[in-house]
Amino acid sequence: MQDFAQSFLLAGGLILEADPALVEIVLLSLQVTLSALLASALIGLPLGALLAVTRFPGRRALVVLTNALMGLPPVVVGLLVYMMLSNAGPLGVLRLLYTPTAMVIAQTILITPILIALTRQVINDLDQEYAETFRSLGVPAPTAIAALLWDGRFSLVTVLLAGFGRAVAEVGAVMIVGGNINHVTRVMTTAIALETSRGDLALALALGLILLTLALAVNALTSLINAPARMSGNVRRA
Amino acid sequence: MSDVLETPASVTARSLRRSGRSPMPLRVEGLTLTLEGTLVLNDIDLALADDGVTAILGPNGAGKSLLLRCLHGLVTPTRGTILWHHEGRDHAPDLAIRKAQALVAQKPVLLRRSVLANLKFVAGLRRPRPSTDDLMQALREVRLEHLARQNARTLSGGEQQRLALARALLHDPRVLLLDEPSANLDPASTLLIETAIRAARAAGTKVLLITHDMAQARRLADDVVFLHKGRIVEHTSAAAFFDRPSSAEAEAYVKGDILL
Ligand SMILES: Nc1ncnc2c1ncn2[C@@H]1O[C@H](COP(=O)(O)OP(=O)(O)O)[C@@H](O)[C@H]1O
Ligand SMILES: [Mg+2]
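Residues numbered from 1 in each chain as written. Chains lettered and ligands numbered in written order. Predicted model: local features only at pLDDT ≥ 70, side-chain atom pairs only at ≥ 80, totals over all residues. Heavy atoms only, no water.

Per an unreviewed UniProt entry, chain B is named ATP-binding cassette domain-containing protein, and its organism is Roseibium aestuarii. Quoted verbatim from the Sequence similarities (unreviewed entry) field of UniProt, the annotation for chain B is "Belongs to the ABC transporter superfamily." (UniProt positions renumbered as here; feature names shortened; annotations may be inferred.)

Under an unreviewed UniProt entry, the name given to chain A is ABC transporter permease, and the organism recorded is Roseibium aestuarii. The record in UniProt for chain A states the following under Subcellular location (unreviewed entry): "Cell membrane". UniProt, in its Sequence similarities (unreviewed entry) section for chain A, records the words "Belongs to the binding-protein-dependent transport system permease family."

Right, here's the structure in full:
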């Protein structure tokens with residue numbers, strides 16, 4: 001019990017004095033996850049929107065596939081990316097294994113299906129509402145998609161937050177492809193796993209508290225964004 | 001020429017812009033629409049001149065809105081032909097037809113943006129692109145300029161309808177399709193809409209007007225299409241329709257009897 005309380009005190013100390021090791025890990029985490037989020041957004045938002053508004057053979061199958069890929073087990077993603085990037089793999093020459101870039105790739109693969117599926121949902125709902133008006137006005141498809149993305153922007157930010165939350169908290173994939181190398185690929189989740197197993201509960205707890213705070217902040221932001229959108233978006237017309 | 005365009009009456013400007021445009025008469029044959037096994041439009045034949053105001057009357061559920069949406073190309077009929085004569089040839093209601101027309105739906109859908117941004121969106125689809133001054137003028141005409149910055153989705157029902165009308169007129173349409181445009185409106189707004197309809201008519205725009213307001217139909221219509229249970233029961237001049245309707249249904253409807 002003594003140890004337990006002690007760990008909390010030490011953890012608090014680490015956070016308050018902005019321990020350099022701690023800061024390094026947190027910054028790397030954010031850098032990796034935000035990069036992955038950017039890459040996923042560039043792929044997922046347009047693709048999700050396209051899936052929502054276009055009709056082509058095989059579209060249904062693609063929707064089912066992205067929905068299924070949302071549940072990709074992170075360790076499997078890690079394994080696949082590992083195989084691609086390892087020396088024997090097809091992308092081995094790039095020498096990316098055990099670099100932050102490898103972790104960005106793994107997280108991107110992990111959350112892109114989520115972004116596609118959620119974006120498709122958001123844009124589809126809005127499209128149901130706008131489609132006939134756009135048809136009447138003769139709005140060209142690219143303009144329509146841009147308008148749907150813009151008018152759905154508040155919901156889409158919450159989609160991005162969901163992707164961020166999933167990526168930043170993930171441990172299996174980045175552990176496999178990053179290798180949890182000190183000062184190079186050690187991020188919050190892998191550091192927590194390692195320090196806990198080594199018995200350094202203070203650092204693990206400090207990182208855990210920061211991760212928890214991030215998750216809460218993401219949640220708070222999501223409900224903050226949704227509240228006014230509900231107010232102005234769905235008020236029944238007289 | 002420029003002197004004339006400077007006149008405050010935007011009606012004059014519009015009619016000048018419109019002059020020289022090709023007429024757009026309509027011919028419909030055997031139009032039939034079945035939805036979920038129900039016959040909602042039944043073998044409709046209709047010919048409309050390319051000018052004037054045609055009122056489409058009939059009780060709820062008669063098929064008025066669906067007819068208008070078929071004519072505009074939003075709903076594909078089960079059978080029959082719809083031909084708009086436009087720029088020298090007959091068109092089914094295709095993209096070119098829709099772009100030359102404007103529909104104000106019974107429940108207009110506005111974008112989740114400000115009032116002004118709603119007009120800006122449509123302006124972006126037009127060449128030449130109307131200026132922001134033009135848009136503010138359009139808002140002034142429907143008395144919404146003081147709400148330009150407000151979210152369009154928080155407008156009252158009547159304000160939304162007026163914005164939808166401004167959006168439609170911005171379009172500078174050859175044919176204006178109005179589905180109960182003053183259903184939610186107070187008398188002042190109704191007058192405003194009727195003024196806009198008269199102005200459009202005077203400028204050579206064909207107007208198709210669905211309304212339940214008999215007095216309004218008398219004030220505005222040149223001819224009347226009376227629809228009942230998916231069929232056209234009567235299509236005559238407005239004077240003839242209101243003075244001596246030839247069908248029992250129309251006579252009862254005009255008198256205010258309830259049609260079943
Ligand atoms: N999508 C639909 N599926 C089935 N029936 C419909 C559909 N839309 C409208 N209807 C029916 O078609 C009939 C005509 O509708 P409508 O044209 O909206 O009537 P109104 O003359 O009041 O405008 C109504 O009985 C309505 O219930
Ligand atoms: Mg109707």
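Here the narrative resumes, following the displayed structure.
**Here's the deal with the nonpolar core**
Taken as a class, soluble globular proteins show a tendency for nonpolar side chains to be buried jointly. Core analysis: the largest hydrophobic core is formed by 59 residues, its most contacted members being A:Phe134, B:Leu139 and B:Leu163. By size, the runner-up hydrophobic cluster in this structure holds 29 residues, among which are B:Leu33, B:Leu67, B:Val75 and B:Ile82. (Core = buried A, V, L, I, M, F, W, Y, C linked by side-chain atoms within 4.5 Å. Buried < 20%, exposed > 50% of the residue type's maximum accessible area, 1.4 Å probe, protein only.)

**Quick look at the coordination of the magnesium ion (ligand 2)**
Residues and elements named next belong to chain B. Summarising the metal site, the magnesium ion (ligand 2) is bound by the protein donors Ser65 (OG) and Gln106 (OE1), whose distances to it range over 2.0 to 2.4 Å. Here glutamine 106 lies in the loop between strand E6 (101-104) and helix H5 (115-123) and serine 65 lies in helix H3 (residues 64-71), a separation of 41 residues in the sequence. For glutamine 106, a relative accessible area of 35% puts it in the partly exposed group. (Donors = N, O, S within 2.8 Å, 3.2 Å for Na, K, Ca; no water. Helix = DSSP H or I, 4+ residues; strand = E, 2+ residues; numbered from the N terminus.)

**Considerations on the UniProt feature "transmembrane region" (unreviewed entry) in chain A**
Residues and elements named next belong to chain A. Following the UniProt record, the feature "transmembrane region" (unreviewed entry) maps to residues 34-54, 61-85, 97-118, 156-181 and 201-227 here. Structurally, residues 61-85 is divided into 84% helix and 0% strand, and its ends, taken at the C-alpha atoms, are 29 Å apart. Secondary structure content for residues 97-118 is 86% helix and 0% strand, while the C-alpha to C-alpha distance between its ends is 30 Å.

**Topic: the sheet that holds strand E4 (residues 79-86) of chain B**
Within a sheet, neighbouring strands are paired by backbone hydrogen bonds and run either parallel or antiparallel to one another. Residues and elements named next belong to chain B. Pairing is antiparallel across the open sheet formed by four strands, whose spatial order is E2-E1-E4-E5. If you trace the sheet from one side to the other, it starts and ends with strand E2 (38-48) and strand E5 (89-91), each paired once. Averaged over all adjacent pairs, the angle separating strand axes in this sheet is 30°, with direction ignored. As judged from the three bridges shared by E4 and E5, these two strands associate in the antiparallel manner. For tryptophan 84, the partnering residue across the bridge sits in E5 and is histidine 91. Across the sheet, H3 lies against strand E1 (26-35), E2 and E4, angled at about 120° from E1, the strand it touches most. (Pairing = 2+ DSSP bridges. Axes fitted to C-alpha atoms, helices over the stretch in contact; angles between N-to-C directions. Contact = heavy atoms within 4.5 Å.)

**As for the packing of helix H2 (residues 20-53) of chain A against helix H6 (residues 141-151) of chain A**
Any two packed helices are characterised by how steeply their axes cross, that is the angle between the axes, and by the distance between the axes. Residues and elements named next belong to chain A. One can describe the packing of H2 onto H6 by two numbers: an axis separation of 10 Å at closest approach and a directional angle of 115°. With respect to their mutual orientation, H2 and H6 come out roughly perpendicular. Regarding H2 and H6, the two cross each other, and that crossing is right-handed. Here H2 contributes Leu45, Ala49, Leu50 and Val53 to the contact with H6, which in turn contributes Ile145, Leu148 and Leu149. (Parallel < 35°, antiparallel > 145°, perpendicular 65-115°, else oblique. Left-handed = near helix turned anticlockwise from the far one by under 90°.)

**Description of the pattern of salt bridges**
According to the stated counting rule, one finds ten salt bridges over all chains in the structure shown. Note that A:Glu129 is salt-bridged to B:Arg112, the shortest N-O span being 3.2 Å. Within this pair, whereas A:Glu129 is found in helix H5 (residues 100-137), its partner B:Arg112 is found in the loop between E6 and H5, the two belonging to separate chains. Owing to a relative accessible area of 24%, A:Glu129 belongs among the partly exposed residues under this scheme. (Salt bridge = Lys/Arg side-chain N within 4 Å of Asp/Glu carboxyl O.)

**Concerning the packing of aromatic side chains**
Taken as a whole and judged by the stated rule, the model has six aromatic pairs over all chains. The interplanar angle of 70° and the centroid separation of 5.5 Å between the aromatic rings of A:Phe4 and A:Phe8 together place this pair among those described as edge-to-face. Here A:Phe4 pairs with A:Phe8, and both are found in helix H1 (residues 2-16), just four residues apart, close to one helical turn. Look at A:Phe4 and you get partly exposed, because its relative accessible area is 48%. In this structure A:Phe8 comes out as partly exposed when scored by relative accessible area, which is 38%. Centre to centre, the rings of B:Phe241 and B:Phe242 are 5.2 Å apart; their planes meet at 90°, and the pair counts as edge-to-face. Assessed through its relative accessible area of 0%, B:Phe241 is described here as buried. Residue placement shows A:Arg153 over the ring face of A:Trp150; its charged tip is 4.0 Å from the ring centre. (Phe/Tyr/Trp six-rings, centres within 6.5 Å; stacked < 30°, edge-to-face > 60°. Lys NZ or Arg CZ within 6 Å of the ring centre and 35° of its normal.)

**Overview of the UniProt feature "domain: ABC transmembrane type-1" (unreviewed entry) in chain A**
Following the UniProt record, one finds the feature "domain: ABC transmembrane type-1" (unreviewed entry) at residues 26-222 of chain A. Spanning residues 26-222 of chain A, this segment combines 79% helix with 0% strand, and its end C-alpha atoms are found 22 Å apart.

**Quick notes on the packing of helix H4 (residues 74-85) of chain A against H5(A)**
Residue and element names in this part refer to chain A. In the contact formed by H4 and H5, the axes pass within 10 Å of each other and the chain directions differ by 135°. By the angle between their axes, H4 is oblique relative to H5. Handedness of the H4/H5 crossing: right-handed. Contact residues: Pro74, Val77, Val81 and Leu85 in H4; Ala102, Ile105, Ala106, Ile109 and Leu110 in H5. Looking at the contact of H4 with H5 residue by residue, the class counts come to nine nonpolar, no polar and no charged. (Nonpolar A, V, L, I, M, F, W, Y, C, P; charged D, E, K, R; others polar.)

**What to know about the interface of chain B and chain A**
Listed as interface residues are 27 residues of chain B and, on the opposing side, 21 residues of chain A. Counting every contact that joins chain B to chain A gives four salt bridges. Taken together, the connections running from chain B to chain A amount to ten residue pairs in polar contact (both at pLDDT 80 or more). Those elements that provide at least two residues to the side of chain B that touches chain A are helix H4 (95-100), H5 and helix H7 (157-170) of chain B. When grouped by side-chain class, the residues that make up the side of chain B that touches chain A number ten nonpolar, eight polar and nine charged. (Polar contact = N/O pair within 3.5 Å; in protein donor to acceptor, adjacent residues only side chain to side chain.)

**Remarks on helix H3 (residues 59-69) of chain A**
All names here are of chain A. Among the residues making up H3, those that are buried are Arg59, Val63 and Thr66. Axial view of H3: buried residues confined to an arc of 70°, hence all on one face. Exposed side of H3, more than 90 degrees from the buried face: Arg60 and Ala68 are the residues found there. In the core, the buried residues of H3 are packed alongside H2 and H5. (Arc of directions from axis to C-beta.)

**Points about the environment of A:Asn180**
All names here are of chain A. By secondary structure assignment, the location of asparagine 180 is in the loop between helix H8 (172-178) and helix H9 (188-198). The spatial distance from the C-alpha of asparagine 180 to the C-alpha of alanine 193 is 9.8 Å, given a sequence separation of 13 residues. When residues no more than four places from it in sequence are discounted, the contact partners of asparagine 180 are Met175, Thr185, Arg186, Thr190, Ala191 and Leu194. Polar side-chain contacts of asparagine 180 include one of 3.0 Å to the side chain of arginine 186. A polar atom in the side chain of asparagine 180 sits 3.0 Å from the side chain of threonine 190.

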